[in-house]
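Fold and contact review
Single-letter residue listing:
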Amino acid sequence: MLESIRRILILVRKELTATLTDPIGRVVLFIPPIIQFLMFSFAISQEVVNTRVVILNQDVGLEGASLMKSFMVEPVFKEIISVTNYDELDAALETQRAIAAVVIPQDFSRRVLSGSETATIQVTLDGRRANGSAALGGYISQIASQYGASAALATSSNGGLITRRWFNPNGLARVAFMPGLVCIIMTTVGMIVSATSIARERELGSFEQLVVSPLTPVEIVIGKAATAVALATISACVILLLVVFGFKTPLQGPLWLFILSTILYLTAIICVGLFISSVSTTQQQATLGLFLFMPPAIMLSGFATPVENMPDWLQFLTLPNPVRWQLIVLKGLLTHGASARSIGVCLAPLAGVALVTFICAVFMFKRRME
């Protein structure tokens, strides 16, 4: 047993030395994940900002001008396009200069001031941008409700109701998608480190040296997996530092739980990568296998669409997906400080997936050695 551990540690040291002494290896391991994380953090946003709205104000009264002014001071709108007729309004929507159009009718001021009549405005949204226009329609409704623009909006306004957000009090969209982004970066790093490992040995001609060495197939897979897990965990901790100190998103759960879940998750992902590398003859084949695995794994993780919204048969297929469980863990640790017991419910599937993928990687490696 001690002799086996010694051989594994020698292999781990050899792999770490080969990776860390290679300038390209160091760059690939740390620089791209940091750049991707920073770019995606600013590029991906669920908020509707810098939008243009076209307004046709047919009312000559004070209330119509006041409502139009309220649109102009809203920071969500990059530009308010004022038009004088419906042709100009239609043209602005058709050419996508604006994704929403507001028409203030001629009798708007009279109806607002009368108090007994329902004042309405017409809002037209560009259906070609379904998500953005729907969110923008909500902003417009909030602004219009302040002036009693419609009875429905007036009765649904908050009034004396105080609304607070739980877990994300400032309503920052970045806080909501940050766990998913961290999970995707972890997945990318782990797969890149491991998917080409054995295939690279074949191309470099050093695979035969592994075969004739005293190392058993199990020891080889453990050594390569342990090396990749260590390197990917360091990269994940660097990303966590950026999240906590760069984006001011505190780690709500314990650090040891983050590290434990990261090691289990990376073990599962890296064993999948080693399995792909074992069945691949060249690094190009391993890269192709990597891209065949990652898109379905990410799409079925709940990152883009909640798992609960998927059909029952598709929800069943997500159960062996390690990305799904790690995403739940990161959401719990980064957003609402989930307890160790609730996180443990997700760690058990991660450990099971890691064990199964490890066995598959060892089995395939043995077959390729024969």
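For clarity, every value in this text was computed on a predicted model and none was experimentally measured.

**Digging into the overall build of the chain**
A tally of helices and strands in the chain yields 16 helices and four strands. Considering the chain as a whole, with its 370 residues, one finds that 43% of them fall into the buried category. Expressed as a percentage of contacts within the chain between residues at least 6 apart in sequence, the contacts between residues at least 24 apart total 80%. Total accessible area computed for the chain in this model is approximately 19400 Å², and 64% of it derives from carbon and sulfur atoms.

**Observations concerning helix 3 (residues 62–72)**
Those residues of helix 3 not exposed but buried are Glu63, Gly64, Leu67, Met68, Ser70 and Phe71. Along the axis of helix 3, the buried residues cluster in a sector spanning 155°; they form a single face. Residues of helix 3 that are exposed and point over 90 degrees away from its buried face: Leu62 and Lys69.

**A look at a negative patch on the surface**
On the surface, a cluster of negative charge is contributed by Asp87, Glu88, Asp90 and Glu94. Within the fold, glutamate 94 resides in helix 4 (residues 86–94).

**As for the nonpolar core**
Core analysis: the biggest nonpolar cluster contains 54 residues, and Phe37, Val182, Met186, Tyr265 and Ile270 have the highest contact counts within it. Elements with a contribution of two residues or more to this core: helix 2 (23–43), helix 8 (173–195), helix 11 (217–246), helix 12 (255–279), helix 13 (283–299), helix 15 (322–336) and helix 16 (340–369). With 19 residues, the next largest nonpolar core counts Ile99, Val102, Ile121 and Ile143 among its residues.

**Some details on the packing of helix 1 (residues 2–20) against helix 11**
Closest axis-to-axis distance for the helix 1/helix 11 pair is 8 Å, and the angle between their directions is 45°. It follows from the interaxial angle that helix 1 and helix 11 lie oblique. Regarding helix 1 and helix 11, the two cross each other, and that crossing is right-handed. Between helix 1 and helix 11, the residues in contact are Ser4, Arg7, Ile8, Leu11, Val12, Glu15, Leu16, Thr19 and Leu20 and Glu219, Ile220, Ile222, Gly223, Lys224, Ala226, Thr227 and Leu231, respectively. A class-by-class count of the residues in the contact of helix 1 with helix 11 yields nine nonpolar, four polar and four charged.

Reading guide: rules and limits
- Residues numbered from 1 in each chain as written.
- Predicted model: local features only at pLDDT ≥ 70, side-chain atom pairs only at ≥ 80, totals over all residues.
- Heavy atoms only, no water.
- Helix = DSSP H or I, 4+ residues; strand = E, 2+ residues; numbered from the N terminus.
- Buried < 20%, exposed > 50% of the residue type's maximum accessible area, 1.4 Å probe, protein only.
- Contact = heavy atoms within 4.5 Å.
- Areas by Shrake-Rupley, 256 points an atom, 1.4 Å probe, with all protein chains shown as cover.
- Arc of directions from axis to C-beta.
- Patch = residues over 30% accessible without salt bridge, like charges linked within 9 Å, V, L, I, M, F, W, Y side chains within 5 Å.
- Salt bridge = Lys/Arg side-chain N within 4 Å of Asp/Glu carboxyl O.
- Lys, Arg positive; Asp, Glu negative; His and termini not counted.
- Charge placed at Lys NZ, Arg CZ, Asp CG, Glu CD.
- Core = buried A, V, L, I, M, F, W, Y, C linked by side-chain atoms within 4.5 Å.
- Axes fitted to C-alpha atoms, helices over the stretch in contact; angles between N-to-C directions.
- Parallel < 35°, antiparallel > 145°, perpendicular 65-115°, else oblique.
- Left-handed = near helix turned anticlockwise from the far one by under 90°.
- Nonpolar A, V, L, I, M, F, W, Y, C, P; charged D, E, K, R; others polar.

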